[in-house]
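Now for the letters of each chain:
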Amino acid sequence: MTRILISIVWMIPVIVTGCSSSEFAAKTGKSDMDLKFGDRIGLTAHLTGVPADDPMMQRLVDLGVRWIRDDSEHWAAVEPEPGKYGFSERFRKCLEFYKQNHIGILYIMCYGNKQAYPDDPFNAEAYGRYAVAVAKMFQEIGVEFVLEIWNEPHNFELGPYYGGNWNAAPPSAWADHYVKMVHEAVRQVKAYDPSVKLLNDEDVWVAHYWFLEQGLPENLDGVAVHPYNHGSPGPEINCWGPETEWLKPFPVIDQDRSMRSLYRNLRNQYTKKLGRTPEIWATEWGYHLGGKIGEEEKVTEEIVAAFLPRAYIISAAENIRCLNWYVLNADEAYNLVANDGRERLSYQAFKVMSRQLGPCRLLRQINGYDHPTQGIQAFLFEGPMRYQVAAWCIEGPQEVTLETNSSWPIQAIDNLGNPVEIRSNQDHLAVIKLSRAPVYITGMDSDCAIQAIP
(Lines give C-alpha, C1' and ligand atoms only; values in the text may rest on other atoms or scores of the structure.)
Protein backbone atom coordinates (compact mmCIF):
# COMPACT_ATOMS: atom_id res chain seq x y z
CA MET A 1 0.00 0.00 0.00
CA THR A 2 1.27 3.45 -0.85
CA ARG A 3 1.50 5.65 2.22
CA ILE A 4 1.90 9.39 2.58
CA LEU A 5 4.28 10.37 5.35
CA ILE A 6 5.93 13.79 5.76
CA SER A 7 7.28 13.08 2.31
CA ILE A 8 6.11 10.49 -0.18
CA VAL A 9 7.06 6.82 0.25
CA TRP A 10 6.62 4.35 -2.57
CA MET A 11 6.26 0.57 -2.34
CA ILE A 12 6.65 -0.49 -5.96
CA PRO A 13 8.78 -2.94 -7.97
CA VAL A 14 12.07 -1.39 -8.98
CA ILE A 15 14.14 -1.92 -12.12
CA VAL A 16 17.73 -1.21 -11.15
CA THR A 17 19.75 0.69 -13.74
CA GLY A 18 23.37 1.81 -13.86
CA CYS A 19 26.25 -0.25 -12.52
CA SER A 20 26.04 -2.92 -9.81
CA SER A 21 28.22 -2.67 -6.71
CA SER A 22 30.50 -5.53 -7.78
CA GLU A 23 30.81 -4.30 -11.37
CA PHE A 24 31.39 -0.77 -10.14
CA ALA A 25 34.20 -1.96 -7.87
CA ALA A 26 35.81 -4.18 -10.48
CA LYS A 27 35.87 -1.56 -13.23
CA THR A 28 37.24 1.23 -11.08
CA GLY A 29 39.94 -0.63 -9.15
CA LYS A 30 38.23 -0.18 -5.81
CA SER A 31 40.82 -1.19 -3.27
CA ASP A 32 39.58 1.49 -0.86
CA MET A 33 35.83 1.16 -1.15
CA ASP A 34 35.44 0.81 2.61
CA LEU A 35 36.70 4.36 3.02
CA LYS A 36 34.07 6.80 4.14
CA PHE A 37 33.46 9.67 1.78
CA GLY A 38 34.75 12.05 4.45
CA ASP A 39 38.15 10.35 4.40
CA ARG A 40 38.54 11.62 0.83
CA ILE A 41 37.71 15.26 1.59
CA GLY A 42 40.73 17.52 1.32
CA LEU A 43 41.33 21.22 0.89
CA THR A 44 44.26 23.36 -0.20
CA ALA A 45 44.96 26.38 2.00
CA HIS A 46 47.58 29.10 2.19
CA LEU A 47 47.93 29.46 5.95
CA THR A 48 51.36 31.09 6.09
CA GLY A 49 51.30 33.56 8.96
CA VAL A 50 47.91 32.36 10.24
CA PRO A 51 48.05 31.46 13.96
CA ALA A 52 46.46 28.21 15.12
CA ASP A 53 43.67 30.09 16.92
CA ASP A 54 42.71 32.11 13.82
CA PRO A 55 39.09 31.69 12.65
CA MET A 56 40.42 30.44 9.31
CA MET A 57 41.80 27.37 11.09
CA GLN A 58 38.45 26.71 12.75
CA ARG A 59 36.83 26.72 9.32
CA LEU A 60 38.74 23.54 8.50
CA VAL A 61 36.79 21.82 11.26
CA ASP A 62 33.53 23.48 10.22
CA LEU A 63 34.01 22.15 6.69
CA GLY A 64 34.82 18.62 7.81
CA VAL A 65 38.24 18.65 6.14
CA ARG A 66 40.17 15.39 6.52
CA TRP A 67 43.32 16.42 4.61
CA ILE A 68 44.89 19.84 4.34
CA ARG A 69 47.35 20.54 1.53
CA ASP A 70 49.82 23.02 2.93
CA ASP A 71 53.06 24.61 1.80
CA SER A 72 53.43 26.97 4.74
CA GLU A 73 57.18 26.47 4.97
CA HIS A 74 59.28 25.85 1.89
CA TRP A 75 62.56 23.96 1.72
CA ALA A 76 64.70 27.05 2.34
CA ALA A 77 62.74 27.86 5.52
CA VAL A 78 63.06 24.31 6.83
CA GLU A 79 66.79 24.02 5.95
CA PRO A 80 68.31 27.52 6.06
CA GLU A 81 71.78 25.98 6.41
CA PRO A 82 72.99 22.66 5.01
CA GLY A 83 71.94 19.88 7.37
CA LYS A 84 70.15 22.14 9.87
CA TYR A 85 66.41 21.47 9.80
CA GLY A 86 63.49 22.83 11.75
CA PHE A 87 59.89 23.98 11.56
CA SER A 88 58.94 27.38 12.92
CA GLU A 89 56.99 27.51 16.17
CA ARG A 90 53.99 28.90 14.31
CA PHE A 91 53.94 25.97 11.89
CA ARG A 92 54.36 23.47 14.71
CA LYS A 93 51.29 24.94 16.39
CA CYS A 94 49.35 24.50 13.15
CA LEU A 95 50.45 20.87 13.03
CA GLU A 96 49.30 20.36 16.62
CA PHE A 97 45.92 21.78 15.60
CA TYR A 98 45.71 19.36 12.69
CA LYS A 99 46.60 16.46 14.97
CA GLN A 100 44.00 17.39 17.58
CA ASN A 101 41.29 17.68 14.94
CA HIS A 102 42.12 14.50 13.01
CA ILE A 103 43.32 16.43 9.96
CA GLY A 104 46.18 14.95 8.00
CA ILE A 105 48.64 17.18 6.18
CA LEU A 106 49.55 16.71 2.53
CA TYR A 107 52.84 18.57 2.66
CA ILE A 108 54.29 20.03 -0.54
CA MET A 109 58.07 19.69 -0.47
CA CYS A 110 59.05 22.75 -2.49
CA TYR A 111 60.81 24.82 -3.81
CA GLY A 112 64.50 25.26 -4.65
CA ASN A 113 66.85 26.05 -1.75
CA LYS A 114 69.14 28.85 -2.87
CA GLN A 115 69.83 29.78 0.74
CA ALA A 116 71.49 26.54 1.79
CA TYR A 117 72.67 25.49 -1.69
CA PRO A 118 73.24 28.68 -3.72
CA ASP A 119 75.28 26.87 -6.38
CA ASP A 120 72.89 23.93 -6.75
CA PRO A 121 69.43 24.83 -5.37
CA PHE A 122 67.76 21.73 -6.84
CA ASN A 123 70.33 19.15 -5.74
CA ALA A 124 68.53 15.80 -5.77
CA GLU A 125 70.48 14.20 -2.91
CA ALA A 126 70.02 17.26 -0.69
CA TYR A 127 66.32 17.22 -1.55
CA GLY A 128 66.14 13.58 -0.42
CA ARG A 129 67.78 14.45 2.91
CA TYR A 130 65.29 17.29 3.34
CA ALA A 131 62.42 14.84 2.73
CA VAL A 132 63.74 12.51 5.44
CA ALA A 133 64.11 15.41 7.89
CA VAL A 134 60.53 16.53 7.21
CA ALA A 135 59.22 13.00 7.77
CA LYS A 136 61.07 12.78 11.09
CA MET A 137 59.68 16.09 12.32
CA PHE A 138 56.12 15.16 11.39
CA GLN A 139 56.50 11.85 13.20
CA GLU A 140 57.87 13.62 16.27
CA ILE A 141 54.76 15.79 16.41
CA GLY A 142 52.48 12.83 15.71
CA VAL A 143 50.42 14.35 12.91
CA GLU A 144 49.31 12.15 10.02
CA PHE A 145 51.09 13.19 6.82
CA VAL A 146 51.80 12.46 3.17
CA LEU A 147 54.74 13.96 1.29
CA GLU A 148 54.16 15.50 -2.13
CA ILE A 149 57.29 15.78 -4.25
CA TRP A 150 57.16 19.34 -5.60
CA ASN A 151 54.23 21.18 -7.13
CA GLU A 152 53.75 21.42 -10.90
CA PRO A 153 57.47 21.15 -11.72
CA HIS A 154 57.02 22.26 -15.30
CA ASN A 155 55.56 25.53 -13.99
CA PHE A 156 57.49 26.21 -10.83
CA GLU A 157 61.27 26.65 -10.91
CA LEU A 158 62.37 23.35 -12.48
CA GLY A 159 60.84 24.03 -15.91
CA PRO A 160 62.13 27.60 -16.21
CA TYR A 161 65.55 26.68 -14.78
CA TYR A 162 66.37 23.55 -16.79
CA GLY A 163 64.21 24.09 -19.88
CA GLY A 164 62.82 21.53 -22.28
CA ASN A 165 59.40 20.63 -23.60
CA TRP A 166 56.71 21.85 -21.22
CA ASN A 167 54.73 18.60 -21.51
CA ALA A 168 57.81 16.51 -20.52
CA ALA A 169 58.21 14.96 -23.97
CA PRO A 170 61.92 14.43 -24.75
CA PRO A 171 64.05 16.43 -24.84
CA SER A 172 62.98 17.86 -21.51
CA ALA A 173 65.79 18.57 -19.06
CA TRP A 174 63.40 19.70 -16.33
CA ALA A 175 61.57 16.35 -16.48
CA ASP A 176 64.89 14.47 -16.36
CA HIS A 177 65.88 16.30 -13.22
CA TYR A 178 62.48 15.97 -11.62
CA VAL A 179 62.56 12.18 -12.04
CA LYS A 180 65.98 12.19 -10.31
CA MET A 181 64.49 14.14 -7.41
CA VAL A 182 61.60 11.67 -7.15
CA HIS A 183 64.05 8.77 -7.05
CA GLU A 184 66.16 10.38 -4.35
CA ALA A 185 63.22 11.39 -2.18
CA VAL A 186 61.68 7.92 -2.39
CA ARG A 187 65.00 6.10 -1.91
CA GLN A 188 66.08 8.05 1.14
CA VAL A 189 62.68 8.24 2.84
CA LYS A 190 61.90 4.56 2.30
CA ALA A 191 65.33 3.64 3.67
CA TYR A 192 64.43 5.61 6.78
CA ASP A 193 60.82 4.38 7.10
CA PRO A 194 59.08 2.35 4.37
CA SER A 195 55.65 3.30 5.74
CA VAL A 196 56.01 7.00 4.87
CA LYS A 197 53.86 7.79 1.87
CA LEU A 198 55.18 9.87 -1.08
CA LEU A 199 53.47 11.19 -4.20
CA ASN A 200 54.94 12.67 -7.36
CA ASP A 201 53.12 15.64 -8.89
CA GLU A 202 52.32 17.33 -12.19
CA ASP A 203 49.25 19.09 -13.52
CA VAL A 204 50.04 18.23 -17.16
CA TRP A 205 48.51 14.77 -17.42
CA VAL A 206 50.72 13.48 -20.23
CA ALA A 207 53.85 14.40 -18.26
CA HIS A 208 53.09 11.49 -15.96
CA TYR A 209 53.27 9.13 -18.93
CA TRP A 210 56.68 10.53 -19.88
CA PHE A 211 57.90 10.23 -16.27
CA LEU A 212 56.96 6.56 -16.40
CA GLU A 213 58.86 6.12 -19.67
CA GLN A 214 61.97 7.44 -17.93
CA GLY A 215 61.38 5.10 -15.01
CA LEU A 216 59.87 5.99 -11.66
CA PRO A 217 60.65 4.06 -8.47
CA GLU A 218 58.47 1.01 -8.06
CA ASN A 219 57.80 1.86 -4.40
CA LEU A 220 56.38 5.30 -5.18
CA ASP A 221 53.08 5.33 -3.26
CA GLY A 222 50.97 7.55 -5.43
CA VAL A 223 50.52 10.17 -8.10
CA ALA A 224 49.17 13.70 -7.65
CA VAL A 225 47.18 15.31 -10.45
CA HIS A 226 45.41 18.65 -10.87
CA PRO A 227 42.18 18.07 -12.83
CA TYR A 228 41.43 21.70 -13.71
CA ASN A 229 39.06 21.67 -16.69
CA HIS A 230 38.34 25.35 -17.26
CA GLY A 231 35.82 26.05 -20.00
CA SER A 232 34.05 22.69 -19.82
CA PRO A 233 30.35 22.41 -18.88
CA GLY A 234 31.08 20.49 -15.71
CA PRO A 235 33.67 18.54 -13.74
CA GLU A 236 32.75 15.31 -15.53
CA ILE A 237 34.02 16.60 -18.87
CA ASN A 238 37.52 17.70 -19.82
CA CYS A 239 38.26 20.67 -22.05
CA TRP A 240 40.50 18.72 -24.45
CA GLY A 241 40.25 15.30 -26.06
CA PRO A 242 42.36 12.48 -27.56
CA GLU A 243 42.97 14.46 -30.75
CA THR A 244 45.04 17.01 -28.79
CA GLU A 245 48.50 17.00 -30.33
CA TRP A 246 50.57 17.40 -27.15
CA LEU A 247 49.03 14.28 -25.58
CA LYS A 248 50.43 11.95 -28.24
CA PRO A 249 51.43 9.14 -28.38
CA PHE A 250 49.67 8.09 -25.17
CA PRO A 251 46.01 7.12 -24.59
CA VAL A 252 45.54 9.84 -21.99
CA ILE A 253 41.81 10.39 -22.49
CA ASP A 254 38.95 8.63 -24.27
CA GLN A 255 36.85 10.00 -27.10
CA ASP A 256 34.11 11.05 -24.66
CA ARG A 257 36.58 13.46 -22.98
CA SER A 258 35.45 12.16 -19.59
CA MET A 259 37.36 12.80 -16.39
CA ARG A 260 36.63 9.18 -15.62
CA SER A 261 38.78 8.07 -18.55
CA LEU A 262 41.60 10.41 -17.50
CA TYR A 263 41.70 8.79 -14.08
CA ARG A 264 41.37 5.23 -15.31
CA ASN A 265 43.89 5.50 -18.13
CA LEU A 266 46.45 7.05 -15.80
CA ARG A 267 45.91 4.37 -13.17
CA ASN A 268 46.27 1.66 -15.79
CA GLN A 269 49.50 3.15 -17.13
CA TYR A 270 51.06 3.39 -13.67
CA THR A 271 50.00 -0.17 -12.89
CA LYS A 272 51.48 -1.40 -16.15
CA LYS A 273 54.82 0.37 -15.65
CA LEU A 274 55.28 -0.05 -11.89
CA GLY A 275 53.80 -3.52 -11.53
CA ARG A 276 51.48 -2.27 -8.80
CA THR A 277 48.59 0.14 -8.54
CA PRO A 278 49.45 3.44 -6.84
CA GLU A 279 46.98 5.77 -5.20
CA ILE A 280 45.78 8.80 -7.13
CA TRP A 281 45.38 12.09 -5.27
CA ALA A 282 43.72 15.08 -6.94
CA THR A 283 45.70 17.68 -5.04
CA GLU A 284 44.21 20.74 -6.75
CA TRP A 285 40.88 21.39 -8.45
CA GLY A 286 38.88 24.58 -8.58
CA TYR A 287 37.13 27.10 -10.80
CA HIS A 288 38.17 30.67 -11.50
CA LEU A 289 35.38 33.14 -10.71
CA GLY A 290 34.71 35.24 -13.79
CA GLY A 291 36.09 32.57 -16.10
CA LYS A 292 34.10 31.07 -18.95
CA ILE A 293 32.04 27.96 -19.50
CA GLY A 294 31.87 27.48 -23.23
CA GLU A 295 31.73 30.67 -25.26
CA GLU A 296 29.47 32.88 -23.17
CA GLU A 297 28.52 31.67 -19.68
CA LYS A 298 30.59 33.12 -16.86
CA VAL A 299 31.71 31.18 -13.80
CA THR A 300 29.69 32.55 -10.90
CA GLU A 301 29.53 31.66 -7.22
CA GLU A 302 26.41 29.61 -7.98
CA ILE A 303 28.25 27.58 -10.61
CA VAL A 304 31.26 26.88 -8.37
CA ALA A 305 28.87 25.81 -5.60
CA ALA A 306 27.20 23.42 -8.06
CA PHE A 307 30.43 22.01 -9.50
CA LEU A 308 32.34 21.54 -6.24
CA PRO A 309 30.38 18.58 -4.79
CA ARG A 310 30.11 17.00 -8.23
CA ALA A 311 33.91 17.01 -8.49
CA TYR A 312 34.26 15.31 -5.12
CA ILE A 313 31.62 12.68 -5.89
CA ILE A 314 32.93 11.69 -9.32
CA SER A 315 36.46 11.54 -7.88
CA ALA A 316 35.31 9.24 -5.09
CA ALA A 317 33.55 7.09 -7.68
CA GLU A 318 36.93 6.60 -9.39
CA ASN A 319 38.64 5.70 -6.11
CA ILE A 320 40.63 8.93 -5.96
CA ARG A 321 42.17 8.76 -2.52
CA CYS A 322 41.59 12.42 -1.79
CA LEU A 323 40.56 15.61 -3.57
CA ASN A 324 42.06 18.84 -2.26
CA TRP A 325 39.87 21.67 -3.52
CA TYR A 326 41.63 24.87 -4.47
CA VAL A 327 41.41 26.95 -2.32
CA LEU A 328 40.25 28.03 1.14
CA ASN A 329 41.86 31.47 1.18
CA ALA A 330 44.50 33.84 -0.21
CA ASP A 331 43.58 33.50 -3.90
CA GLU A 332 40.54 35.71 -4.39
CA ALA A 333 39.52 34.25 -7.75
CA TYR A 334 39.20 30.77 -6.21
CA ASN A 335 38.59 31.36 -2.48
CA LEU A 336 35.88 29.61 -0.50
CA VAL A 337 36.25 32.54 1.92
CA ALA A 338 36.47 35.92 0.19
CA ASN A 339 39.24 38.31 1.13
CA ASP A 340 36.69 40.38 3.06
CA GLY A 341 35.91 37.36 5.24
CA ARG A 342 32.58 36.45 3.60
CA GLU A 343 31.88 32.76 3.23
CA ARG A 344 30.97 32.21 -0.39
CA LEU A 345 28.28 29.90 -1.72
CA SER A 346 31.02 27.35 -2.47
CA TYR A 347 31.86 27.32 1.25
CA GLN A 348 28.25 26.47 2.10
CA ALA A 349 28.11 23.81 -0.63
CA PHE A 350 31.32 22.27 0.73
CA LYS A 351 29.90 22.15 4.26
CA VAL A 352 26.56 20.67 3.19
CA MET A 353 28.33 18.00 1.11
CA SER A 354 30.64 17.11 3.99
CA ARG A 355 27.81 16.77 6.47
CA GLN A 356 25.53 14.87 4.14
CA LEU A 357 28.06 12.44 2.69
CA GLY A 358 31.05 12.54 5.05
CA PRO A 359 29.92 9.63 7.27
CA CYS A 360 28.76 7.60 4.26
CA ARG A 361 30.28 4.95 2.05
CA LEU A 362 29.79 5.16 -1.71
CA LEU A 363 28.08 1.99 -2.96
CA ARG A 364 27.46 2.44 -6.65
CA GLN A 365 26.45 4.73 -9.48
CA ILE A 366 22.76 4.41 -10.32
CA ASN A 367 22.59 6.76 -13.30
CA GLY A 368 25.22 7.95 -15.73
CA TYR A 369 27.65 5.05 -15.70
CA ASP A 370 27.13 4.51 -19.43
CA HIS A 371 26.95 8.25 -20.21
CA PRO A 372 29.40 9.94 -17.82
CA THR A 373 29.51 13.29 -19.63
CA GLN A 374 25.81 13.97 -20.16
CA GLY A 375 22.41 13.62 -18.60
CA ILE A 376 21.47 12.48 -15.12
CA GLN A 377 24.25 11.43 -12.76
CA ALA A 378 23.24 9.72 -9.52
CA PHE A 379 25.22 7.89 -6.83
CA LEU A 380 24.02 5.70 -3.97
CA PHE A 381 25.57 6.05 -0.52
CA GLU A 382 25.11 4.12 2.71
CA GLY A 383 25.51 5.76 6.10
CA PRO A 384 23.79 6.84 9.32
CA MET A 385 20.68 7.87 7.38
CA ARG A 386 20.54 4.37 5.86
CA TYR A 387 20.67 4.98 2.12
CA GLN A 388 20.79 8.27 0.31
CA VAL A 389 21.40 9.46 -3.21
CA ALA A 390 23.31 12.43 -4.62
CA ALA A 391 21.93 13.33 -8.04
CA TRP A 392 22.14 16.08 -10.66
CA CYS A 393 21.70 16.68 -14.37
CA ILE A 394 24.73 17.96 -16.28
CA GLU A 395 22.70 20.03 -18.74
CA GLY A 396 20.38 21.63 -16.19
CA PRO A 397 16.77 21.30 -15.01
CA GLN A 398 15.26 17.84 -15.43
CA GLU A 399 12.31 16.28 -13.66
CA VAL A 400 12.72 12.67 -12.55
CA THR A 401 10.79 10.02 -10.71
CA LEU A 402 12.19 8.38 -7.57
CA GLU A 403 11.52 4.66 -7.18
CA THR A 404 12.20 2.81 -3.94
CA ASN A 405 10.89 0.01 -1.75
CA SER A 406 11.93 1.85 1.38
CA SER A 407 9.38 2.44 4.14
CA TRP A 408 11.21 5.61 5.15
CA PRO A 409 9.98 9.04 4.07
CA ILE A 410 11.72 10.52 1.05
CA GLN A 411 13.24 13.91 1.76
CA ALA A 412 15.69 16.06 -0.19
CA ILE A 413 17.84 19.15 0.19
CA ASP A 414 19.82 21.06 -2.39
CA ASN A 415 23.55 21.74 -2.45
CA LEU A 416 23.12 24.72 -0.09
CA GLY A 417 20.97 22.85 2.41
CA ASN A 418 17.55 24.16 1.33
CA PRO A 419 14.54 21.80 1.21
CA VAL A 420 13.64 20.51 -2.24
CA GLU A 421 10.01 19.94 -3.16
CA ILE A 422 8.90 16.36 -3.72
CA ARG A 423 5.48 15.89 -5.32
CA SER A 424 3.35 12.99 -6.45
CA ASN A 425 2.41 12.47 -10.10
CA GLN A 426 -0.69 10.81 -11.52
CA ASP A 427 0.96 7.39 -11.29
CA HIS A 428 1.66 7.88 -7.58
CA LEU A 429 5.38 8.24 -8.18
CA ALA A 430 7.56 10.71 -6.33
CA VAL A 431 8.77 13.49 -8.62
CA ILE A 432 11.69 15.83 -8.02
CA LYS A 433 13.43 18.41 -10.18
CA LEU A 434 17.18 18.03 -10.64
CA SER A 435 19.51 20.82 -11.70
CA ARG A 436 23.24 21.27 -12.29
CA ALA A 437 23.72 21.38 -8.52
CA PRO A 438 23.47 18.09 -6.60
CA VAL A 439 20.37 17.19 -4.64
CA TYR A 440 20.81 14.95 -1.58
CA ILE A 441 17.91 12.51 -1.25
CA THR A 442 17.26 10.42 1.86
CA GLY A 443 14.70 7.68 2.45
CA MET A 444 15.94 5.56 -0.45
CA ASP A 445 16.89 1.87 -0.42
CA SER A 446 19.70 -0.17 -1.94
CA ASP A 447 17.66 -0.99 -5.06
CA CYS A 448 16.36 2.50 -5.73
CA ALA A 449 16.14 3.95 -9.23
CA ILE A 450 15.80 7.38 -10.83
CA GLN A 451 14.08 7.83 -14.17
CA ALA A 452 13.96 10.95 -16.34
CA ILE A 453 10.52 12.29 -17.24
CA PRO A 454 10.40 12.90 -21.01
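These numbers were taken from a predicted model, which means no experiment stands behind them.

Chemist: Mind laying out empty space enclosed by the protein, listing which residues take part and the relevant values?
Modeler: Enumeration according to the criterion identifies 4 cavities of 30 Å³ or more in this entry. Its volume calculated, the largest cavity comes out at about 130 Å³. Residue lining of the largest cavity: 15 residues in total, with Arg260, Ile314, Glu318, Gln365 and Pro372 positioned closest to the centre. Elements with a contribution of two residues or more to the lining of the largest cavity: helix H9 (259-274), helix H10 (301-317) and strand S14 (376-383). With 4 residues, H9 is the largest single contributor of residues to the lining of the largest cavity. Classifying every residue of the lining of the largest cavity gives 8 nonpolar, 3 polar and 4 charged.

Chemist: Residues and numbers for the pattern of salt bridges, please.
Modeler: Summed over all chains, the structure comprises 24 salt bridges. Residue Asp62 pairs with Lys351 through a salt bridge whose shortest N-O separation is 3.5 Å. Here Lys351 lies in helix H11 (residues 345-357) and Asp62 lies in helix H2 (residues 55-62), a separation of 289 residues in the sequence. Classification of Asp62 as partly exposed rests on a relative accessible area of 24%. A salt bridge links Glu279 to Lys197; the nearest nitrogen and oxygen atoms lie 3.1 Å apart. Here the residue Glu279 occupies a position in strand S9 (residues 279-285), and Lys197 occupies one in the loop between helix H7 (173-192) and strand S7 (198-201), the gap between them amounting to 82 residues. Taking the relative accessible area as the measure of exposure, Lys197 reaches 22% and is therefore partly exposed. Counted as one network, the salt bridges with shared partners bring together Arg69, Glu148, Asp201 and Glu284.

Definitions and limits used
Residues numbered from 1 in each chain as written. Predicted model: local features only at pLDDT ≥ 70, side-chain atom pairs only at ≥ 80, totals over all residues. Heavy atoms only, no water. 1 Å grid on protein atoms, 1.4 Å probe; cavity = no way out; pocket = protein on both sides within 12 Å on 5 of 7 lines; lining within 4 Å. Points joined across faces, edges and corners; volume = space filled by probe spheres on them. Helix = DSSP H or I, 4+ residues; strand = E, 2+ residues; numbered from the N terminus. Nonpolar A, V, L, I, M, F, W, Y, C, P; charged D, E, K, R; others polar. Salt bridge = Lys/Arg side-chain N within 4 Å of Asp/Glu carboxyl O. Buried < 20%, exposed > 50% of the residue type's maximum accessible area, 1.4 Å probe, protein only.

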